[in-house]
Amino acid sequence: MEIALLGPPQVVRDGKPVRFDTRKAIALLAHLALSEGPRSRDALCELLWPRHDSERARGALRRTLSTLRGAIGEEWVETPGDAVVLREASGLELDVARFRALTADGGSLENLSKAVELFSGEFLEGFALRDSPEFDHWQLGVADVLRRELSSALRRLVESHSERGQSDQALASAERWVVAEPLQEPAHQALIRLYAASGDRAAALRQYRQCVRMLSQELGVAPLEDTTALFEQVSEGTLRPPAVRKPAAPDSRRPRGPRELPLVGRTAELEALLKAHRSAAGGGVLAVVEGEAGIGKSRLCTEFAAVVESEGAIVLSARCHEDQAGLPYGPVVELLSSALATAETWGNSVAPERLADAALLLPELAGLREDLPDPRSLSVPGAHVRLMDAVGSVLEAASRGTAAGVLFLDDVHAADEATVDLFAYLARRLGDRALLVLMSWRSEAVRPGHRLRRLSAELARNDATRIVRLGRLGEADVAELLRATEPGLSPELEGRVFRESEGLPLFVAEYVGALATGEDLEGGAVPNEVRGLVGTRLAALDAVSAQVLSAAATIGRSFDFDTVLAASGRTQEEAVDALEQLVEQGLVRELGGDEPAYDFSHQKLRELIYEETSPARRRLLHRRIAASMPRDGESAALVAQHLRLAGDSREAAVQYRLAAEGAASLLAHADALVHLETALALDPSDAPALYERIGDLRTLVGDYAGALASYERAAAESEEWALAALEQKLGGVHARRGDWERSEARLAAALEAIPPEASGLRARIVGDLALTLLHAGRTGEAAARAEEARELAEAAADQRALAQAHNMLGVLARSAGDIEDALEELRRSLALAEDLDESPARVAALNNLALAERDAGELSPALELTERALALCAAYGDRHREAALENNLADLHHAAGDEDRAMEHLKRAVAIFAEVGADEATRLPEIWKLTSW
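Residues numbered from 1 in each chain as written. Predicted model: local features only at pLDDT ≥ 70, side-chain atom pairs only at ≥ 80, totals over all residues. Heavy atoms only, no water.

Q: Which parts of the structure should I look at to understand the sheet that holds strand 13 (residues 558-560)?
A: Sheet strands line up and pair through hydrogen bonds in the backbone, either parallel or antiparallel. Reading across from one edge, 13-15-14 is the order of the 3 strands in this open sheet, with antiparallel pairing throughout. Edge strands, defined here as strands with exactly one partner in the open sheet, are strand 13 and strand 14 (588-591). Going from strand to strand, the sheet's axes swing by 30 degrees on average, the running direction of each strand aside. Here 4 bridges tie strand 14 to strand 15 (residues 597-600), and the two strands are oriented antiparallel to one another. Its bridge partner being in strand 15, L591 is matched across the sheet by A597. Contacting strand 13, strand 14 and strand 15, helix 24 (residues 572-584) runs over the sheet at an angle of about 110 degrees to strand 14. (Pairing = 2+ DSSP bridges. Helix = DSSP H or I, 4+ residues; strand = E, 2+ residues; numbered from the N terminus. Axes fitted to C-alpha atoms, helices over the stretch in contact; angles between N-to-C directions. Contact = heavy atoms within 4.5 Å.)

So, in structure tokens, the structure goes:
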């Protein structure tokens, strides 16, 4: 008997077509043919007669079974107990089974061609039951699985034909692949490449546009960057023939993950780390382990940690993840969480104020002591420095043991800017602490001139840095590894593993994992790339485990149970079983902690699984992940990333803006700028506001060229009523650069553009103009403008403008040598600014008042006022004015005779001034001359 379910259902018995009296008989036969074992009568009733009660459904099933037996023969249907099964025999031919046998992994080109030819149509094409939604759901599910299997076969055919130079056959397979999976971008990409390779550039471009239309209409998303890049290459005529890889041949045996390899060939490197640790007992040391991806950095550091822990050292470790680089202080929170686990040994040794400050990053720390003060906001003066001091105190106390403590930050090249800031701060202040700060990074990700390299070089001058560079293993080392894990291999095979792994430990580990399955590598069965090796290990996963693994890879390197459960769409029991299998096979590992969390055994493994997930499914998974995450400031960056990858550009842009403000509140301005620029690229509908905010942040960090460009873009796209404020900001940036003519021109343009009702804004712009005129040497005009600004501010009852006007009048009085008037005006300005809690205005008034006190010979009040201004300025991150305040403090300490403190502040001032304006600092000397504003 022959059963054909691909296309319209057909049954042939003894060479003659079989006719059925009812559609339910056809449905029952199809379901039994694809079932892996007997089906209970209750299950069949629920599938085919879901609206009947039990007695009626069973009666209908008996009648349908009788009809089925009458059509195909009594001998083909068996009813063991209360179940029904289609008897397996040599005379039964099922086209679905034949298709799957021909497409089994490792199938030849001939078998794949036969399989595709056999797939004559959709599963049960044109067939449906009107009253059985459960059967319809089952039918659609099977059809979807078979369509994906056809897609996989067509992909392999395209690759095989292309590899053999059979362009016509490859083109035909690619065209059918697109028909089968119209939302699969890899199918469109393959067809575009083949059209281009055949010289039909017009067809390639049409195919790209068809892909764009299909994705827009069906999914509402734009094509992937890879597809767009391919289109551009075709358009420009720069497309090269694709390099096609053969897929890995999977093994039916149950694989297991690669075991942890012995540490071989790293004796000198381990000893160097141990020596650094011994040195740290007499004063803190920074140690760096660097090398290419997969070279064994983490393995060496893990071995080192085990050795020093056995000697009494306490090791706190955290790993940085590239997919979490938008989360400020993420790895630092991980370190603090590790410290919290042993808090009973150190909690009382940290000052309450420090513990309270550190609790701003990890609120659980606040529960350690009852005497903690209320946490202070990160927006108060000196918060940034105070936060780093507090975290350093907690980590140092938590790592204090009988030997020097160790703070280990793995993959620091992937760290967020705020974390790098903190570790750089700690490393420069190791002093006599018995502490080793250990970092690992990828050499290729930390280029010459990178701030991490500058940090290590700076500390090396004081003999406080140890650099350990890992190279690839030699042939003897690889042979030793293989003999220790898989003894008895031939020298030829050992040599082959060395050549194909090129001495990279990651590749060697994957070979060991393949050897552990019993695979015959002597015959050349092992693929020659890590992709194939990992594919071998994945092949034995059941469908549910593969689905959970795909969801996990979409989340990122580390993932928690609740998120992977929501993303995978499986039940709790299925997800738990799948994760247990994945842990058992070494694909993921379970992390310690109260909540179930997991981590991929290697980032390369996670990347491969993610790549192998279809683009349409990746977008679905990213959408589910984003929906499962809390919508708060802490998670905004991750939510935004998943929404972007899901194709929801508008909502992703909203989350990126939230993430930017969260990062800015932590003074992580570099991260905030990245988030804002990403938001702008995703959704330019609010471009003027985004460009203006980008300009604000670039002004604070001293990127004046970038700030001008951003404000200009904002002005170009803004409504007329918004132009005055933007022109004012442009004038302010030009003033910071010492370009007084441009500043005056921009402020004049702002006055022309200002709406009549914005009298407060007019007062502030006139005040800025007065300052510009003063710096340009036009004192008389500046005084007139300052008085005008005061009158306008009083008329508008605008306290901010009034504070600015009194500040300007004080600056003018001081420049004229009238110190009494200057002190009076500046004290008024400060009082108004403090009432408003306006940080920039307070900083200006404090600084100018300090300068006036210095002129009056009052050094102590001048020092106190300048220090207050510096703390407040650092808290909101204005780098240029922070440098000026450091310089002013240096002058005050010099005047007081404290040369050491003067030099300390002068060095800080020079370092910050060098950052401001980037290369402009060398050709715009006014940047270095700022003292008053």
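There is more to say, and it comes next.
Q: What should I look at first to understand the nonpolar core in this one?
A: Soluble globular proteins tend to pack their nonpolar side chains together in the buried interior. Counting residues in each nonpolar core, the largest one holds 168 residues, and the members touching the most others are L336, W346, L549, F559 and F600. By size, the runner-up hydrophobic cluster in this structure holds 73 residues, among which are L28, L29, L48 and V77. (Core = buried A, V, L, I, M, F, W, Y, C linked by side-chain atoms within 4.5 Å. Buried < 20%, exposed > 50% of the residue type's maximum accessible area, 1.4 Å probe, protein only.)

Q: How do you make sense of the packing of aromatic side chains when you look at a structure like this?
A: The geometry of two aromatic rings is summed up by the distance between their centres and the angle between their planes. Enumeration over the complete set of coordinates arrives at 7 aromatic pairs. Between the aromatic rings of F135 and W138, the centroid separation amounts to 5.3 Å while the plane-to-plane angle is 40 degrees, which identifies the pairing as tilted. Pair noted here: F135 and W138 are both in helix 6 (residues 133-163), with a separation of 3 residues, about one helical turn. Side by side, F135 and W138 carry an identical accessibility label, which is buried. Centroid distance F559 to Y598: 5.6 Å. Interplanar angle 20 degrees. Geometry classified as stacked. Of the two residues, F559 is situated in strand 13 and Y598 in strand 15; the sequence distance between them amounts to 39 residues. (Phe/Tyr/Trp six-rings, centres within 6.5 Å; stacked < 30°, edge-to-face > 60°.)

Q: How should I be thinking about the environment of D21 in this particular structure?
A: Looking at the secondary structure, you find D21 in the loop between strand 3 (16-17) and helix 1 (23-34). Spatially, the C-alpha atom of D21 lies 7.1 Å from that of T67, the residues being 46 residues apart in sequence.

Q: I keep staring at helix 15 (residues 383-398) and nothing clicks. Help me out?
A: Each turn of an α-helix holds 3.6 residues, which means side chains three or four residues apart point in the same direction. With 16 residues, helix 15 extends 22 Å between its outermost C-alpha atoms, agreeing within 8% with the 22 Å of an ideal straight helix rising 1.5 Å per residue. For helix 15, the tally of buried residues reaches 13 of 16 residues, placing the bulk of the element in the interior. (Expected span 1.5 Å × (residues − 1).)

Q: Help me out: how do you make sense of the pairing of strand 8 (residues 285-291) in this one?
A: It is a general feature of regular strands that their side chains alternate between the two faces of the sheet. Counted residue by residue, strand 8 has 7 buried out of 7 residues, so it is predominantly covered. Neither face of strand 8 is exposed, since V285, A287, V289 and G291 on one face and L286, V288 and E290 on the opposite face are all buried. Summarising the sheet, strand 8 and strand 11 (residues 435-442) pair through 7 bridges and their orientation is parallel. By the bridge assignment for strand 11, V288 is matched with M439. Of the strand pairs in this sheet, strand 8 and strand 12 (residues 465-469) are connected by 5 bridges, and their pairing is parallel. From the neighbouring strand, E290 faces strand 12, where its bridge partner is R469.

Q: Would you mind going over the sheet that holds strand 6 (residues 83-86) with me for this structure?
A: Pairing in this open sheet of 3 strands is antiparallel, and the strands run 4-6-5 from one edge to the other. The open sheet has two free edges, formed respectively by strand 4 (39-40) and strand 5 (77-78), since each of these has just one partner strand. In terms of strand pairing, strand 4 meets strand 6 through 2 bridges, oriented antiparallel. Note that in strand 6 the partner of S40 across the bridge is A83. Relative to the sheet, helix 1 contacts strand 4 and strand 6, its axis offset from that of strand 6 by approximately 80 degrees.

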